[in-house]
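# Examining the three-dimensional arrangement
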Amino acid sequence: MDDRSAGLDKAIEAIKIGVSDPERNQLHIELDQFLDWLEPMLGVDTGDQEGLLFSHDAVNVLREDSPRQSDPAEIQEAAPSFAGGFYLVPKIME
Amino acid sequence: MELRKTTVHRVAEAVLQGEITAHQLIDITLKNCGVLNEGLNIFTAVAGVDASEQARAVDQKIKQGKKLPLAGIPVVVKDDLCYGVLPTSLGSSAFSEFISPVTATAVERLMDAGAVVIGKTNLDDMGQGSTTLSSPRGATANPWQAERTAGSAGAAAVATGICMLAVESDSGGALRQGASHCGVAGLRPTTGRVSRYGLNAHCSSFARVGVTAFSCENISGVLDIISGFDERDAATAVCRDGIQENIKAPGSEDITIGYPVTVFDFLEPELREVFEQARDEFAGHGYKIKEIELGLLREGLQAYYVIALAEASSSHARFDGIRFGKTGAADNLHNMYFQSRAEILGQEARRRSIFGTFLLGKGNYGRYYRQASKIWQMVRWEFEGALKDCDLLMLPTSKNLPRPLQGQSSFLDQWSDDLFCAPVSLSGLPALTIPAGQIEQHPVGMQLVGPPFSEKTLLNVGSASEHKN
């Protein structure tokens, strides 16, 4: 197994997405196509410049730190499931 | 009242003057909806009773003396934007019944101004795509040519006259390509101008909330309403102290339009002809045309996909069946995650998440992601450089006619359709798609791109172009 194939399998495991064997095989083919497609971008001489990390130049974007009243009833209403004072989630402990 | 033949301002005035009530207008709109939507697959949900209630509330406010600038205007909302009454599917069948506890700021502001949400519109799998071909509900057909895709369902809704405005997201070009394919106008605003609160963005660096309408005049009528600072979206901090509009004098002789000759390398001859005609028409109307170079369009598209996929892999992490989405049936925790995520994410979203994770992996980050972030910077400089010599740039919107509903196209073919839109997304600049011409009676659009906060100039030029054609 080459690095690309191993990397793809590792990625699937890392982000925990169930894929069937035929889909996995297809993804291996598509990844090769995708990485080949990216070759022109890799060929650009970018020198030692820094990359861009943010899409805007906004600074000091924090809102004023002032106390606000929250409404527990509103939060409970928005929850998928709430009963007896608890937010109910799927059972995950075995 | 045929909504395509009038303006937002005229309709709102008619409602404010009592010539028609908002409720009557919405009642007619909803009745037309079924007929006009037939065979097109525009909606994920239609706001029947809710729209009537919204309209009655608008009428009530008018009676109380409120001057609502969008009184009764029917609006559709793309289904990756939250509206707290109708389901927000995000383009996943797993969320078909999810009703968000919040409403997106842009939608809320339109409703505060009197607009009425009549429905949510179809979109690609998790909002990722510019065709709707990967939608779990099937693609939206083009009103002009039903065997092809609309690009965006909101644009199809506007083009048919179902509504007057569509609020839509645009990351790599879905809004703009939809407008182009359906022969309407669509605006992707400057980064930070319109709040994205309530948008399920798969890549927050490039996702924006914009508006599609039948004319530039109609977009002008709502731009100020949806624009401005929102403490729930940090990017809008650039507007915290108000918006410094970048408005160029209205005279066409004062405006220089940059014309990138490099785009011809990528265009089919018939599209090239439309684009050349549009250039000649601008020149005929007195605009100065200046040839420019944009040499990184293809590489910009590729960089966009590296960054967008990397961000998608992160933003999709929350769809695990515990925090968001239905829990998949499984006998242990490990399998539950795999099952849930396979059911929540469709094929396109799975592909993007997996590839995005791969690109961020050891050895790949430096080779692909870091290079893409440098290209992002270079594309931004390239657009800034072009706009030093010109007031606006003109670009094609799509390199193809809309894709056929039937028949296979590879994922790379579909991604490549964003060639002229994705680099503009990297630039952070505003872009307006307007109709440029037709090929075999099928509309073809083009983009006008300007400096930050030049939307009003873009709309003025676009509007003048509409009236002269």
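Residues numbered from 1 in each chain as written. Chains lettered and ligands numbered in written order. Predicted model: local features only at pLDDT ≥ 70, side-chain atom pairs only at ≥ 80, totals over all residues. Heavy atoms only, no water.

### Focus: the sheet that holds strand 3 (residues 116-121) of chain B
Residue and element names in this part refer to chain B. Stated formally: Pairing between strands is defined by DSSP: at least two bridges between the two strands are required. The helix count covers DSSP runs of H or I at least four residues long, the strand count covers runs of E at least two residues long, and both are numbered beginning at the N terminus. Helix axes are fitted to C-alpha atoms over the stretch in contact, other axes to C-alpha atoms as well, and angles between N-to-C directions run from 0 to 180 degrees. Contact definition: two residues touch when any of their heavy atoms are within 4.5 Å.
One open sheet accounts for 11 strands, arranged 1-3-2-4-6-5-10-11-9-7-8; its pairing is mixed. Sheet topology places strand 1 (43-46) and strand 8 (288-292) at the edges, where each strand pairs with a single neighbour. Neighbour to neighbour, the strand axes of the sheet diverge by 30 degrees on average, direction disregarded. Contacting strand 1 and strand 3, helix 3 (residues 48-63) runs over the sheet at an angle of about 155 degrees to strand 3. Sitting on the sheet, helix 6 (residues 174-182) is in contact with strand 2 (74-78), strand 4 (165-170), strand 5 (185-188), strand 6 (208-213), strand 10 (431-439) and strand 11 (442-449), with an inclination near 140 degrees to strand 11.

### Observations regarding the packing of helix 5 (residues 153-160) of chain B against helix 6 of chain B
All names here are of chain B. Applied cut-off: When the near helix sits turned anticlockwise from the far one by under a right angle, the crossing is termed left-handed; a clockwise turn instead gives a right-handed crossing.
As a packed pair, helix 5 and helix 6 sit with axes 8 Å apart at the nearest point and diverge in direction by 35 degrees. Here the hand of the crossing between helix 5 and helix 6 comes out right-handed. Along its contact with helix 5, which presents A155, A156 and A159, the element helix 6 presents G178, A179 and C182.

### Here we look at the domain arrangement of chain B
Residue and element names in this part refer to chain B. Worth spelling out the cut-off: Note that domain bounds follow an automatic or database assignment of domains. Buried area adds together the accessible area that both of two parts lose upon being put together, with accessible area traced by a 1.4 Å probe. Salt bridges are identified by distance alone: a Lys or Arg side-chain nitrogen within 4 Å of an Asp or Glu carboxyl oxygen. Any N or O atom pair separated by 3.5 Å or less is treated as a polar contact, with the protein-specific requirement of one donor-capable and one acceptor-capable atom, and with residues adjacent in sequence counted only for side-chain atom pairs. Here the nonpolar group is Ala, Val, Leu, Ile, Met, Phe, Trp, Tyr, Cys and Pro; Asp, Glu, Lys and Arg are the charged ones; every other residue, Gly included, is treated as polar.
In terms of domains, chain B is made up of domain 1 (1-295 + 378-469) and domain 2 (301-365). Distance from the C-alpha centre of domain 1 to the C-alpha centre of domain 2: 28 Å. The interface of domain 1 with domain 2 comprises 26 residues on the first partner and 26 residues on the second. Between domain 1 and domain 2, the buried area comes to about 2,100 Å², and carbon and sulfur atoms account for 62% of it. Summed over the shared surface of domain 1 and domain 2, the result is zero salt bridges. Put simply, domain 1 and domain 2 have 13 residue pairs in polar contact (both at pLDDT 80 or more) between them. Of the residues in the side of domain 1 that touches domain 2, the class split is 13 nonpolar, 11 polar and two charged.

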